[in-house]
Amino acid sequence: MSDYALFIVFPYLSILIAVSVGVYRYFSDRFSFSALSSQFLENKQLFWGSIPWHYGIILILISHLIATLFPGLWQGILGENVRLYIIEITGMALALAVAIGILILIIRRILNPRAKVVTSTFDWILLICLLLQVILGIYIAVRYRWGGLWYLHTATPWLISLFKLNPDISTVIHLPLAIKLHFLNGFLAILLFPFTRLVHIFTIPIGYLWKPYQLVIWNRIK
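The text that follows walks through the structure, step by step, so that each part is easy to find.

Rules used throughout
- Residues numbered from 1 in each chain as written.
- Predicted model: local features only at pLDDT ≥ 70, side-chain atom pairs only at ≥ 80, totals over all residues.
- Heavy atoms only, no water.
- Helix = DSSP H or I, 4+ residues; strand = E, 2+ residues; numbered from the N terminus.
- Buried < 20%, exposed > 50% of the residue type's maximum accessible area, 1.4 Å probe, protein only.
- Contact = heavy atoms within 4.5 Å.
- Areas by Shrake-Rupley, 256 points an atom, 1.4 Å probe, with all protein chains shown as cover.
- Polar contact = N/O pair within 3.5 Å; in protein donor to acceptor, adjacent residues only side chain to side chain.
- Patch = residues over 30% accessible without salt bridge, like charges linked within 9 Å, V, L, I, M, F, W, Y side chains within 5 Å.
- Salt bridge = Lys/Arg side-chain N within 4 Å of Asp/Glu carboxyl O.

1. Some points on the overall build of the protein chain
The secondary structure content of the protein chain amounts to nine helices and zero strands. Listing every helix and strand of the protein chain by position from the N terminus yields α-α-α-α-α-α-α-α-α. By the burial criterion, 34% of the 222 residues in the protein chain qualify as buried. At a minimum sequence separation of 6, the contacts of the protein chain that also span at least 24 residues come to 77%. With the model as given, the accessible surface of the protein chain reaches about 14600 Å², and the carbon-plus-sulfur share is 73%.

2. Describing the side chain of threonine 119
Structurally, the position occupied by threonine 119 is in the loop between α5 (113-117) and α6 (121-143). Within the structure, threonine 119 has its side chain in polar contact with the side chain of arginine 109 (distance 2.7 Å). In this view, threonine 119 contacts Arg109 and Trp124; residues no more than four positions away in its chain are not counted.

3. Regarding a nonpolar patch on the surface
Taken together, Ile15, Val19, Val23, Phe27 and Ile190 make up a surface patch of nonpolar side chains, about 450 Å² in accessible area. Per-element accounting of the nonpolar patch gives the leading share, four residues, to helix α1 (residues 2-28). Within the secondary structure, isoleucine 190 is located in helix α9 (residues 177-192). For isoleucine 190, a relative accessible area of 36% translates into the label partly exposed.

4. Digging into the side chain of serine 14
For serine 14, the location among the structural elements is in helix α1. Taking relative accessible area as the criterion, serine 14 reaches 0% and is therefore assigned buried. A polar side-chain atom of serine 14 sits 2.8 Å from the main-chain carbonyl oxygen of phenylalanine 10. Among the polar contacts made by the side chain of serine 14, one reaches the main-chain carbonyl oxygen of phenylalanine 187 at a distance of 3.4 Å. Beyond its immediate chain neighbours, meaning those up to four positions away, serine 14 contacts Phe187, Ile190 and Leu191.

5. Quick look at the pattern of salt bridges
In this structure the tally under the stated criterion is one salt bridge. With a shortest N-O distance of 3.3 Å, glutamate 88 and arginine 145 are connected by a salt bridge. Note that glutamate 88 is positioned in helix α4 (residues 81-111) and arginine 145 in the loop between α6 and α7 (147-153), a separation of 57 residues in sequence. On the basis of relative accessible area, glutamate 88 is assigned to the buried category, the value being 12%. Judged by relative accessible area, which is 43%, arginine 145 ranks as partly exposed.

None of the figures reported here should be taken as evidence of function without further support.
This is how it looks when you write it as structure tokens:
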């Protein structure tokens, strides 16, 4: 019964809360969808943390999406040993870069009073959740090798079954605890997103493509 609650009820509940709260927040308090950027408060540490975090996590998420949505393509890519080794090594390098990046961002918010004051409780919880996710990912990559292959036969069928509203947890319930925690912690991060300032990643400034030019005039006080 607990497996059904964890791997069926919890994923659906996480997505439902994330979407409903995100939509409500967008229409009730649209200003809060901004990043409330702390870049103006302190930029140097933000640069060294933000670059490895953003570029690394984007590439990792893309690889997960390809493996989930296009399993045949992903299996074809990993079907040759050299490509499998390259992707495995690249994944480890990206994971380490992401870990360094998020650690720098967390330390920055702890040590910098101006950055700390704009960080909410939910922001801290999500940052810890993301750090745990990265640590679990690195541990799994080291302890259970060739994740790109066994992911196709474990996580992909489970996620696809959830998407089709015909959940099947048979491929994940017998996995090691660390892998299960990695899956569940990912849905926890989804649940937390709409309660944090990181929700701004879902807003794309398409309007700037046709926004008219603005004339900026400096008003110098002599």
